[in-house]
Amino acid sequence: GMRGEFEGFVSMVNKQMSEKFQVLVDRAEEMLPLLPWPKEFEKDEFLRPDFTSLDVLTFAGSGVPAGINIPNYDEIRQDEGFKNVSLGNVLSASYGGTKKNTFVTDADNDLLKKFKVPSFEVQVGLHELLGHGSGKLLYTGKFPAGLTNPLTKEPVAQSYGPGETYDSVFTSLGSSYEECRAECVGIHLCLEPGVTEIFGHSGAEAEDIKYVNWLSMAHAGLKGLEMFSPASGEWKQAHSQARFVIMQVMLEAGQDFLTIKDSVGEDGKPDMLLTMDRAKIPTVGQPAIASFLQKLQIYKATADIKAAKEMYDKYSEVSEPWASRRDIVVDRKQPRMILVQANTNLVDEKLELVQYDPSPEGMVKSWAERFPDF
């Protein structure tokens with residue numbers, strides 16, 4: 001009852017960026033204890049993965065991701081290990097545009113243009129390595145008797161039974177829920193001292209990158225509303241749902257940390273303005289995300305799908321005013337970024353790079369020439 005697809009890609013290693021990711025791997029053991037759950041809910045041993053930055057020549061699949069953590073099966077990641085890649089030129093191509101960002105002030109728009117790509121590099125690194133790579137699943141009989149659940153302050157009451165996996169328990173909720181957990185790990189850890197320095201950012205620039213990372217997450221949550229289908233009442237994209245949930249957690253933190261106000265645009269049509277008080281990120285934002293992240297992990301670790309679904313569905317709900325605001329998001333939707341990818345030909349035993357116009361026609365032509373036998 002599940003549909004799969006193949007993904008195949010051709011890429012080159014970016015050695016300079018890969019060195020930064022290796023430093024992140026080397027420091028992972030000192031960063032994992034900074035996550036908001038007891039060590040009993042963390043893997044017994046961090047299985048040091050390979051983490052490489054790649055520049056993609058061609059990625060064949062229905063979409064091109066910015067980063068990959070494989071395998072997707074938590075029970076394998078926990079016991080056997082995992083592998084990470086960051087697709088560096090996908091980041092710069094997707095987020096390095098000059099178009100104006102909707103729903104933000106001019107000052108925030110300037111910061112987003114300047115720091116969106118470097119902030120996303122930090123986020124992808126933390127998301128893939130310490131997001132998907134962290135957290136333990138508790139299996140019946142394989143954890144200490146009387147282990148305390150930090151949410152209830154009582155002994156852990158449930159866990160994964162024989163033959164159960166994260167996917168079999170969390171089913172359709174699993175993908176978005178796990179992406180949400182990894183995103184929260186990224187924004188939580190990017191604030192820790194020394195993390196942005198791994199990626200070569202320090203001082204005022206590092207502070208701007210942290211702010212842009214948090215602002216980008218809330219902004220993506222608002223724009224992600226377009227991926228909710230009012231007709232079916234379902235989210236159509238796991239990451240968009242996850243970011244909307246995180247935005248709701250930030251709003252719930254209160255104290256005017258994150259505000260979204262309805263307004264009228266210069267064109268006279270309904271608009272919105274999203275603002276974040278950057279001074280309150282460490283005092284209001286981080287504690288709210290840490291508390292939420294702890295729940296995400298404990299519910300996942302203990303196979304508590306009932307509590308997880310109840311919480312996640314509450315934050316995912318698109319009722320008023322969000323149903324009306326979705327109309328504004330859709331109305332102000334900008335043309336989607338098209339990644340037009342190159343091909344190679346072998347001519348007289350020499351490799352020839354074939355590039356295409358960055359247009360819908362160029363994209364169709366590149367795909368047609370990529371698979372000439374179909």
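Summary of the structure given here. Computed from a prediction, not measured in an experiment: that's the story for all the values here.

Notes on the overall build of the protein chain
Each helix and strand in the protein chain was counted, giving 14 helices and twelve strands. Computed over the C-alpha atoms, the radius of gyration of the protein chain is 21 Å, within 12% of the 21 Å expected from 2.2 N^0.38 for a compact globule of 374 residues. Seen through its C-alpha atoms, the protein chain measures out along the principal axes to roughly 70 × 55 × 50 Å. By residue count, 50% of the 374 residues in the protein chain fall in the buried class. Across the protein chain, every contact between residues at least 6 apart in sequence was considered, and the portion connecting residues at least 24 apart equals 74%. When the accessible surface of the protein chain is totalled, it reaches about 18600 Å², and 52% of it is carbon and sulfur.

Comments concerning the environment of Lys-113
Counting through the fold element by element, Lys-113 comes out in helix H5 (residues 106–131). Overall, Lys-113 belongs to the partly exposed group, its relative accessible area being 38%. With 249 residues separating them in the primary sequence, Lys-113 and Gly-362 have C-alpha atoms 26 Å apart.

Comments concerning the pattern of salt bridges
Considering all chains together, one arrives at 21 salt bridges under this definition. A salt bridge links Glu-40 to Lys-39, with the nearest nitrogen and oxygen atoms 3.6 Å apart. One continuous salt-bridge network, built from bridges that share partners, spans Arg-77, Glu-178, Arg-181 and Lys-300.

Things to note about the nonpolar core
Ranked by internal contacts, the top residues of the largest apolar core, which has 87 residues, are Tyr-177, Trp-214, Leu-222, Met-250 and Met-276. For this core, the element with the most residues is helix H11 (residues 281–301), which contributes ten residues. With sequence-adjacent residues up to four places away left out, Tyr-177 is seen in contact with Tyr-166, Phe-170, Lys-295, Leu-296, Tyr-299, Lys-300, Ala-308, Met-311 and Tyr-312. Ile-68, Val-85, Leu-87 and Val-90 belong to the second-largest nonpolar core, a separate cluster that totals seven residues.

Description of the sheet that holds strand E4 (residues 83–87)
Pairing in this open sheet of four strands is mixed, and the strands run E1-E2-E4-E3 from one edge to the other. Strand pairing shows two members of the sheet lacking a second neighbour, strand E1 (8–13) and strand E3 (67–70), which therefore form its edges. Strand after strand, the sheet turns through a mean of 40° between neighbouring axes, direction not considered. Bridge count between E1 and strand E2 (residues 50–60): six bridges; the pairing is antiparallel. In the sheet register, Gly-8 faces E2, and the bridge partner there is Ala-60. Against the sheet, helix H4 (residues 88–95) engages E2 and E4, with an angle of about 60° to E2.

Quick word on the environment of Lys-300
Of note, Lys-300 is situated in helix H11. Given a relative accessible area of 1%, Lys-300 falls into the buried group. Remark: the alpha-carbon pair of Lys-300 and Ala-242, spanning 58 residues in sequence, is separated by 15 Å.

As for H4
For H4, the set of buried residues is Gly-88, Val-90 and Leu-91. What you see down the axis of H4 is that its buried residues fit within an arc of 165°, all on one side. Packed against the buried residues of H4 are E2, E4 and H5.

Details of the packing of helix H10 (residues 238–252) against H11
One way to put it is that H10 packs onto H11 with a least axis distance of 9 Å and a crossing angle of 125°. Relative to H11, the element H10 is oriented oblique. Relative to H11, the crossing made by H10 is right-handed. Contacts between H10 and H11 involve Val-245, Ile-246, Val-249 and Met-250 from the former and Ala-288, Ile-289 and Phe-292 from the latter. Of the residues belonging to the contact of H10 with H11, the class tally is seven nonpolar, no polar and no charged.

A short note on the side chain of Thr-58
By the secondary structure assignment, Thr-58 is in strand E2. The class of Thr-58 is buried, set by a relative accessible area of 8%. Polar contacts involving the side chain of Thr-58 include one to the main-chain carbonyl oxygen of Ala-342, which spans 2.5 Å. Sequence-distant contacts of Thr-58, that is, excluding residues within four places in its chain, are made with Gly-8, Phe-9, Val-10, Gln-341, Ala-342, Asn-343 and Arg-370.

Comments concerning H10
In this model, H10 (15 residues) spans 21 Å end to end at C-alpha, consistent with the 21 Å of a helix rising 1.5 Å per residue. With eleven of 15 residues buried, H10 lies mostly within the body of the structure. Here H10 has its buried residues at Ser-240, Gln-241, Ala-242, Arg-243, Phe-244, Val-245, Ile-246, Met-247, Gln-248, Val-249 and Met-250. Measuring from the backbone nitrogen of His-239 back to the side-chain oxygen at the start of H10 gives 2.8 Å, which picks out Gln-237 as the cap. Looking one or two places after H10, you find Gly-254, whose phi comes out positive at around 70°.

Section: the side chain of Asp-304
Here Asp-304 shows up in the loop between H11 and helix H12 (305–316). Of the side chains bearing the opposite charge, Lys-306 lies closest to the buried Asp-304, which forms no salt bridge; the N-O distance is 7.0 Å. Here the side chain of Asp-304 touches Ala-307 through a polar contact of 3.2 Å, landing on its backbone nitrogen.

The rules behind these values
- Residues numbered from 1 in each chain as written.
- Predicted model: local features only at pLDDT ≥ 70, side-chain atom pairs only at ≥ 80, totals over all residues.
- Heavy atoms only, no water.
- Helix = DSSP H or I, 4+ residues; strand = E, 2+ residues; numbered from the N terminus.
- Rg over C-alpha atoms; globule rule 2.2 N^0.38 Å.
- Buried < 20%, exposed > 50% of the residue type's maximum accessible area, 1.4 Å probe, protein only.
- Contact = heavy atoms within 4.5 Å.
- Areas by Shrake-Rupley, 256 points an atom, 1.4 Å probe, with all protein chains shown as cover.
- Salt bridge = Lys/Arg side-chain N within 4 Å of Asp/Glu carboxyl O.
- Core = buried A, V, L, I, M, F, W, Y, C linked by side-chain atoms within 4.5 Å.
- Pairing = 2+ DSSP bridges.
- Axes fitted to C-alpha atoms, helices over the stretch in contact; angles between N-to-C directions.
- Arc of directions from axis to C-beta.
- Parallel < 35°, antiparallel > 145°, perpendicular 65-115°, else oblique.
- Left-handed = near helix turned anticlockwise from the far one by under 90°.
- Nonpolar A, V, L, I, M, F, W, Y, C, P; charged D, E, K, R; others polar.
- Polar contact = N/O pair within 3.5 Å; in protein donor to acceptor, adjacent residues only side chain to side chain.
- Expected span 1.5 Å × (residues − 1).
- Lys, Arg positive; Asp, Glu negative; His and termini not counted.

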